[in-house]
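This is what each chain is made of:
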Amino acid sequence: MKIAIFSRKANPGIVALVNKLRTRGVPLAVYGTDFTSWEDLPADTELFLSLGGDGTFLRSLTFVRDRGIPVAGINFGRLGFLTTARADDSDSWLDDLLAGRFAVEERGLLTIECDELPEGFYPYALNEISLQRSGARMPAIHVSVDGRDLPTYWADGLVVATPTGSTAYALSVGGPVIFPTSDAMVLAPIAPHNLNVRPLVIPFSSTVELRFESRDGEALLAVDNRPVRVSDRVRIVIRRGGYGLRYVELSDNNFIQALRDKLLWGEDRRNSQ
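The present account deals with the structure reproduced in this document.

Rules of the game
Residues numbered from 1 in each chain as written. Predicted model: local features only at pLDDT ≥ 70, side-chain atom pairs only at ≥ 80, totals over all residues. Heavy atoms only, no water. 1 Å grid on protein atoms, 1.4 Å probe; cavity = no way out; pocket = protein on both sides within 12 Å on 5 of 7 lines; lining within 4 Å. Points joined across faces, edges and corners; volume = space filled by probe spheres on them. Helix = DSSP H or I, 4+ residues; strand = E, 2+ residues; numbered from the N terminus. Nonpolar A, V, L, I, M, F, W, Y, C, P; charged D, E, K, R; others polar. Buried < 20%, exposed > 50% of the residue type's maximum accessible area, 1.4 Å probe, protein only. Pairing = 2+ DSSP bridges. Salt bridge = Lys/Arg side-chain N within 4 Å of Asp/Glu carboxyl O. Polar contact = N/O pair within 3.5 Å; in protein donor to acceptor, adjacent residues only side chain to side chain. Contact = heavy atoms within 4.5 Å. Axes fitted to C-alpha atoms, helices over the stretch in contact; angles between N-to-C directions. Phe/Tyr/Trp six-rings, centres within 6.5 Å; stacked < 30°, edge-to-face > 60°. Lys NZ or Arg CZ within 6 Å of the ring centre and 35° of its normal.

Throughout the structure, instances matching the rule amount to one cavity of 30 Å³ or more. For the largest cavity, the full set of lining residues is Phe81, Leu82, Arg107, Thr164, Thr167, Tyr247, Glu249, Asn253, Asn254, Phe255 and Ala258. Listing elements by their share of the lining of the largest cavity, those giving two or more residues are β20 (245-249) and α5 (255-262). Residues that form the lining of the largest cavity fall into these classes: five nonpolar, four polar and two charged.

Structure representation (structure tokens):
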């Protein structure tokens, strides 16, 4: 099994893991040495290891793209909600990966169309696409779902999230938690300026169109954690991507366990009595 290794920092723990894999005779392609972009990622790569936190995992999507390579996240960061295992755990997770003892779950993506995206910009997101103010003035955000207009959002911004992204930015602005394999996405306003606006769950098959008006003349558009400044009244179209990301899940690191361990879901002192 040939494994591609991606990390944004070469800390001692990551170097030790790479050396451990080499000692076991695992064929490796290491970022910065053997590949530097999606174009030179080796064609025979069978597993992509993301070494870091959730930001590193999101960046991994820009390398594997539509090639269907399973991605496993190893947490060298802080929360690491998307990651499969922690680097400081025993080597059991490594043994399971090398032996193929893992499940692969298809995670849906969002794709975006906007005339103001820079040339070569990768227009897919695993977590969310967000539009938010770039200055002090609140924008008016006009939204349509499958050609039907919603009431205008007067808010600091709007998050359009996948099921995977429901536990990320969308959750922090009051959105619901959705199982990652669900056929849905979330529209969640950021700091809405009225009390009768709530997050909305819509079918994953929907087409969402956004336009905004702002006296600042621009807003910040972010595709996962990749930002772009866009101008007033630009047309933004968001829909489900034509392919997904193949997410590696070990037997002891399922979604419910991640909710409990990393987001402290249902934490209550009475549950331990």
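One non-glycine residue with positive phi stands out, namely Asp146, at about 50°. Not every positive phi belongs to a glycine, and Arg233 is a case in point at roughly 75°. Residue position: Arg233 is located in the loop between β18 (226-231) and β19 (236-240).

Take the pairing of strand β13 (residues 157-161) next. Counted residue by residue, β13 has five buried out of five residues, so it is predominantly covered. As paired elements, strand β9 (residues 128-133) and β13 share five bridges and run antiparallel to each other. Paired with Glu128 across the two strands is Ala161, which belongs to β13. Relative to strand β14 (residues 184-190), β13 runs antiparallel, the two being bridged by five bridges. Bridge pairing links Gly157 to Ile190 in β14.

Side chains that differ in sign of charge can pair as their charged atoms come close. Scanning the entire structure with this criterion turns up 13 salt bridges. The partner of Arg235 in a salt bridge is Glu209, with the nearest N and O atoms 3.1 Å apart. Here the residue Arg235 occupies a position in the loop between β18 and β19, and Glu209 occupies one in strand β16 (residues 208-213), the gap between them amounting to 26 residues. Residues joined by salt bridges that share partners form a network here, namely Glu209, Arg211 and Arg235.

Note on placement: Ser206 falls in the loop between β15 (200-203) and β16. Of the residues examined, Ser206 reaches a relative accessible area of 1% and is grouped as buried. In this structure the side chain of Ser206 is engaged in a polar contact, spanning 3.4 Å, whose partner is the side chain of Asp146. Side-chain polar atoms of Ser206 contact the backbone oxygen of Pro203, separated by 3.0 Å. With near-sequence residues (within four places) excluded, Ser206 lies in contact with Val145, Asp146, Met185, Ile238, Arg239 and Arg240.

Below, the discussion takes up the environment of Leu82. With respect to the helices, strands and loops of the structure, Leu82 is situated in the loop between β4 (71-75) and β5 (85-86). The spatial distance from the C-alpha of Leu82 to the C-alpha of Ala72 is 8.9 Å, given a sequence separation of ten residues. Setting aside anything within four residues of it in sequence, one finds Leu82 in contact with Asp54, Phe57, Leu58, Arg107, Leu126, Asn127, Thr164 and Tyr247.

Across the sheet, which stays open at both edges, the six strands sit in the order β15-β14-β13-β9-β17-β18 with antiparallel pairing between neighbours. Of all the strands in the sheet, the pair left with one neighbour each is β15 and β18. For this sheet the average axis-to-axis angle between neighbouring strands, irrespective of direction, equals 20°. By the bridge criterion, six bridges tie strand β17 (residues 218-223) to β18 in an arrangement that is antiparallel. In the strand pairing of β18, Leu220 is matched with Arg229.

A separate point is the packing of aromatic side chains. Inspection of the entire model under this criterion finds 13 aromatic pairs. With centroids separated by 5.5 Å and ring planes inclined at 80°, the aromatic side chains of Tyr31 and Phe63 adopt a geometry described as edge-to-face. Taken together, the positions of Tyr31 in the loop between β2 (28-30) and β3 (47-52) and Phe63 in helix α2 (residues 54-64) put the pair 32 residues apart, joining distant regions of the chain. Through a chain of ring-to-ring contacts, three or more aromatic side chains come together here, namely Phe6, Tyr31, Phe35, Phe48 and Phe63. Over the ring of Tyr247 we find Arg107; its NZ or CZ atom is 4.1 Å from the centre of that ring. We note Arg240 situated over the ring of Phe204; from NZ or CZ to the ring centre the distance is 4.1 Å.

By themselves these figures say nothing about function.
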